[in-house]
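Survey of secondary and tertiary structure
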2 protein chains.
Amino acid sequence: MDVIKVSGTSRTSAVAGAIAGVFRENKRAEVQAIGAGAVNQAVKALVLSRGYLAEDGYDVVFTAEFSDVDIDGKVRTAIKITVQSRLPVTAGDAPPPSSP
Amino acid sequence: MDVIKVSGTSRTSAVAGAIAGVFRENKRAEVQAIGAGAVNQAVKALVLSRGYLAEDGYDVVFTAEFSDVDIDGKVRTAIKITVQSRLPVTAGDAPPPSSP
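Residues numbered from 1 in each chain as written. Chains lettered and ligands numbered in written order. Predicted model: local features only at pLDDT ≥ 70, side-chain atom pairs only at ≥ 80, totals over all residues. Heavy atoms only, no water.

**Brief notes about the packing of aromatic side chains**
All names here are of chain A. The cut-off we apply is this: Centres within 6.5 Å are what make two rings of Phe, Tyr or Trp a pair, Trp counting through its six-membered ring; a difference in plane orientation under 30 degrees is then read as stacked, over 60 as edge-to-face, and the rest as tilted. Only DSSP runs of H or I covering at least 4 residues are called helices, and only runs of E covering at least 2 are called strands; the numbering of each starts at the N terminus. The buried label goes to any residue with under 20% of its type's maximum accessible area, the exposed label to any with over 50%, and the partly exposed label to all in between, with areas taken from a 1.4 Å probe on protein chains only.
In the structure shown here, the tally under the stated rule is two aromatic pairs over all chains. With centroids separated by 5.0 Å and ring planes inclined at 80 degrees, the aromatic side chains of Phe23 and Tyr58 adopt a geometry described as edge-to-face. Residue Phe23 is located in helix α1 (residues 12-26), and its partner Tyr58 is located in the loop between α2 (36-55) and β3 (60-71); the two are separated by 35 residues in the primary sequence. Looking at Tyr58, the relative accessible area reads 12%, which means it is buried.

**Quick notes on empty space enclosed by the protein**
Using the following cut-off: Using protein atoms alone on a 1 Å grid, points that fit a 1.4 Å probe yet trap it form a cavity, whereas open point sets bounded by protein on both sides within 12 Å along at least five of seven lines form a pocket; residues with an atom within 4 Å of a point count as lining. Grid points are joined across faces, edges and corners, and a volume is the space filled by probe spheres set on the points. Any residue outside Ala, Val, Leu, Ile, Met, Phe, Trp, Tyr, Cys, Pro, Asp, Glu, Lys and Arg is labelled polar, Gly included; the first ten of those are nonpolar and the last four are charged.
Per the stated rule, a full pass over the model turns up one cavity of 30 Å³ or more. Lining of the largest cavity is provided by Val43(A), Leu46(A), Phe62(A), Thr63(A), Ala64(A), Ile81(A), Val43(B), Leu46(B), Phe62(B), Ala64(B) and Ile81(B). Residue assignment for the lining of the largest cavity shows that the elements contributing at least two residues are α2 and β3 of chain A together with α2 (36-55) and β3 (60-71) of chain B. With three residues, the single largest contributor to the lining of the largest cavity is β3(A). When its residues are assigned to classes, the lining of the largest cavity shows ten nonpolar, one polar and no charged.

**Some details on the interface of chain A and chain B**
We apply this condition: Should any heavy atoms of two residues lie within 4.5 Å, those residues are counted as being in contact. Using a 1.4 Å probe, buried area is obtained as the accessible area two parts lose upon being combined, added over both of them. Every case where a carboxyl oxygen of Asp or Glu lies within 4 Å of a side-chain nitrogen of Lys or Arg is listed as a salt bridge.
Contacts between chain A and chain B engage 22 residues on the former and 22 residues on the latter. For the pair chain A and chain B, the two sides together bury roughly 1900 Å², of which 74% comes from carbon and sulfur. Connecting chain A to chain B are zero salt bridges. It is α2(A) that provides the largest number of residues to the side of chain A that touches chain B, a total of nine residues. A breakdown of the residues in the side of chain A that touches chain B according to their chemical character gives twelve nonpolar, six polar and four charged.

**A word on the pairing of β3(B)**
All names here are of chain B. Condition: The pairing criterion for strands is at least two bridges between them, as found by DSSP.
In the sheet, β3 pairs with strand β4 (residues 74-85) via twelve bridges, with the strands oriented antiparallel. The residue bridging Phe62 from the neighbouring strand is Val83, located in β4. Hairpin geometry of β3 and β4 is characterised by an intervening segment of two residues between the two adjacent antiparallel strands and by a positive phi of about 50 degrees at Asp72.

**Re the packing of α1(A) against α2(A)**
Residue and element names in this part refer to chain A. Formally: Whenever a helix is involved, its axis is fitted only over the stretch in contact; in every case the axis is a line through C-alpha atoms, and angles between N-to-C directions fall within 0 to 180 degrees. Oblique is the label for any angle not covered by the other classes, which are roughly parallel (under 35 degrees), roughly antiparallel (over 145) and roughly perpendicular (65 to 115). With the far helix as reference, a near helix turned anticlockwise by less than a right angle produces a left-handed crossing, and one turned clockwise produces a right-handed crossing.
At a closest axis distance of 8 Å, the pairing of α1 and α2 adopts a crossing angle of 50 degrees. Considering the angle they form, α1 stands oblique to α2. Once α1 is placed against α2, the crossing between them reads as right-handed. Here Thr12, Ser13, Val15, Ala16, Gly17, Ile19, Ala20, Phe23 and Arg24 of α1 come into contact with α2, specifically with Gln41, Lys44, Ala45, Leu46, Leu48, Ser49, Tyr52 and Leu53.

In short, shape yes, function no, at least from these values alone.
What follows is the structure, given as structure tokens:
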């Protein structure tokens, strides 16, 4: 599964579509952002993607962690955000209903 | 429950401590950020708070939404991030074990 890399100039709707597409295929998506502008675009895209996926019956949640990445030989600290179903989904199961 | 308001100059460790404190009391916390710098500080604080709360046995996840707020008579779009246990917790229950 490819990590979706977001920059400060990424279009949020395009990133949201990518997140939803990867999630539908893998039941999981990972987003990477470096810097305030990129993190902001990533979070806005996550809000949109949560809406898209809710239409498909998925109640998705996020976790975030720091992740060191090598950019042109320099180590930078990225934020990695993982998108998952709130409840564990077994392969073949229907998506869980939304929480009340 | 008070919403934790984060600015671009908020210290991430202080915000993370506030998130963990509110979560321990209410089993839920809400963080509000307006602008890229504030959203970035909020997400970094969320990463730290997830670590703090994991030490207490909580597996917390985030959801994010847009929220219109009135600042000095002007409507601005904030990002509101909600921190919750991954699994629903009934009052009086021990925190659920982390997912494998």
